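Here is what each chain is made of, one letter per residue.
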Amino acid sequence: MDDDTPQREPDGTLTPPLRHQGSAIAASASRSPRRLEASRVSLPESLRGLLDAVLDRLDAAADRIADAAGLR
């Protein structure tokens, strides 16, 4: 019989399975202010970069669709 199979009571009903105690591990991480500060970019610059990347991908996809459809 498996360890996960519940034991039967004398009258034939099943008992609830035993609960295994979980364990948690915690560790503190040191913060690296140098690394955090080096990656700071202003919000307008980051949004502009994101918008440029999205538009570039859409343009490339539109070019592929136009080529596949024979429009070019």
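See the structure printed just above.
All values reported here derive from a predicted model rather than from experimental measurement. (Residues numbered from 1 in each chain as written. Predicted model: local features only at pLDDT ≥ 70, side-chain atom pairs only at ≥ 80, totals over all residues. Heavy atoms only, no water.)

### Brief notes about the overall build of the chain
1) Next: Secondary structure summary: the chain contains two helices and zero strands in total.
2) Next: Counting all 72 residues of the chain, 3% fall into the buried class.
3) Next: For the chain, the exposed surface amounts to about 7500 Å²; the carbon and sulfur share of it is 55%. (Helix = DSSP H or I, 4+ residues; strand = E, 2+ residues; numbered from the N terminus. Buried < 20%, exposed > 50% of the residue type's maximum accessible area, 1.4 Å probe, protein only. Areas by Shrake-Rupley, 256 points an atom, 1.4 Å probe, with all protein chains shown as cover.)

### Re a nonpolar patch on the surface
1) Next: Together, Leu-43, Leu-47, Leu-50, Leu-51, Val-54, Leu-55 and Leu-58 line one region of the surface with nonpolar side chains, adding up to about 680 Å² of accessible area.
2) Next: Mapped onto the secondary structure, Leu-58 falls in helix α2 (residues 43-69). (Patch = residues over 30% accessible without salt bridge, like charges linked within 9 Å, V, L, I, M, F, W, Y side chains within 5 Å. Salt bridge = Lys/Arg side-chain N within 4 Å of Asp/Glu carboxyl O.)

### Description of α2
1) Next: Taking 1.5 Å of rise per residue, 27 residues should cover 39 Å, and α2 covers 39 Å from first to last C-alpha, within 8% of that figure.
2) Next: Just past α2, the residue Gly-70 takes up positive phi, approximately 75°. (Expected span 1.5 Å × (residues − 1).)

### Things to note about the environment of Ala-66
1) Next: The residue Ala-66 is located in helix α2 in this model.
2) Next: Once residues within four sequence positions are removed from consideration, Ala-66 is found in contact with Leu-71 and Arg-72. (Contact = heavy atoms within 4.5 Å.)

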